[in-house]
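# Fold and contact review
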Amino acid sequence: MSTTFLLIVHGLLAVALLGAVTHQAISVWVPMRKTANSFVGRVRSVQASSYAIAIIVLYLATATLGGIIYPAYRLGVRVVVEQLQMWSANGAFELKEHFVAVGLGILPAYWYYWRKPLADDHGRTRAVLTSLLAFVVWWSFLVGHILNNIRGFGS
């Protein structure tokens, strides 16, 4: 399979993960208390626990595919970024790698606290874990997108 095809699939998985973790984070931090009549209200009123398994599967799939694509980045894009002395872009990607690893480490705790039946006394823990994963996913998506724009695959 071509690297470009894998990058597109990786991006699509990342968008799905971004949507799921964002919906869950919003519904955890700003829950809807009554019937939702607006778009924003419906975003807030999703059942947060229904996203947990999808987030875990999408995170693992996206990270795995990112690991498969990684050698092409290391040999193609990173070299150009370093030659252009774009140290901030390179450093942001280095942070992305570390954040994704931290996210992988968080997943077992995330699963534990989101498994059903949900314990009422762990609501804050679920919110914090979801927020950490949301930060990692958003950071990774934005940095990956920016670096791809600097020097796309196949250039």
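Data block above holds the structure.
Residues numbered from 1 in each chain as written. Predicted model: local features only at pLDDT ≥ 70, side-chain atom pairs only at ≥ 80, totals over all residues. Heavy atoms only, no water.

## Looking at the pattern of salt bridges
Spelled out, the test is: Salt bridge, as used here, is a side-chain nitrogen of Lys or Arg placed within 4 Å of a carboxyl oxygen of Asp or Glu. Secondary structure follows DSSP: runs of H or I at least 4 residues long count as helices, runs of E at least 2 residues long count as strands, and numbering of each begins at the N terminus.
By the definition in use, this model includes 2 salt bridges. Across the pair Glu 82 and Arg 78 runs a salt bridge whose closest N-O atoms are separated by 3.0 Å. With Glu 82 and Arg 78 both in helix H3 (residues 52-83) and 4 residues apart, the pair spans about one turn of that helix. Bridged by salt links that share partners, the residues Arg 78, Glu 82 and Glu 94 form one connected network.

## So, the packing of aromatic side chains
The criterion, for reference: Only Phe, Tyr and Trp rings are paired, with Trp represented by its six-membered ring, and only when their centres lie within 6.5 Å; those with planes under 30 degrees apart are stacked, over 60 edge-to-face, the remainder tilted. Each residue's exposure class comes from its accessible area (1.4 Å probe, protein chains only) as a fraction of the maximum for that residue type: buried when under 20%, exposed when over 50%, partly exposed otherwise. Ring-over charges, as used throughout, are those where CZ of Arg or NZ of Lys falls within 6 Å of the ring centre and within 35 degrees of the ring normal.
What the rule picks out here adds up to 8 aromatic pairs. With a centroid separation of 6.1 Å and 35° between ring planes, the pair formed by Phe 135 and Trp 139 is classed as tilted. Placement of both Phe 135 and Trp 139 in helix H5 (residues 123-150) is noted, with a separation of 4 residues, approximately one turn of the helix. Look at Trp 139 and you get partly exposed, because its relative accessible area is 27%. Three or more aromatic residues joined by ring pairs make a cluster, and in this case those are Tyr 70, Tyr 73 and Phe 93. Above the plane of the ring of Trp 111 lies Arg 115, whose end atom (NZ or CZ) is 5.9 Å from the centre. Directly above the aromatic system of Trp 114 lies the positively charged group of Arg 126, at a separation of 5.4 Å from the ring centroid.

## Brief notes about a nonpolar patch on the surface
Applicable threshold: Like charges are joined within 9 Å and nonpolar side chains (Val, Leu, Ile, Met, Phe, Trp, Tyr) within 5 Å, but only among residues with over 30% relative accessible area and no salt bridge; these make up the patches. The method behind every accessible area is Shrake-Rupley, applied with a 1.4 Å probe, and residues are considered shielded solely by the protein chains displayed.
A cluster of nonpolar side chains, Ile 26, Trp 29, Val 30, Val 128 and Leu 132, forms an exposed patch at the surface whose accessible area comes to about 400 Å². Those elements that place two or more of their residues in the nonpolar patch are helix H1 (3-29) and H5. Mapping Val 128 onto the fold places it in helix H5.

## Details of the side chain of Ser 140
For the record, the criterion: By definition, residues are in contact when any of their heavy atoms lie within 4.5 Å.
Here Ser 140 lies in helix H5. Since its relative accessible area comes to 11%, Ser 140 is described here as buried. Not counting residues up to four positions away in its chain, the partners in contact with Ser 140 are Lys 96 and Val 100.

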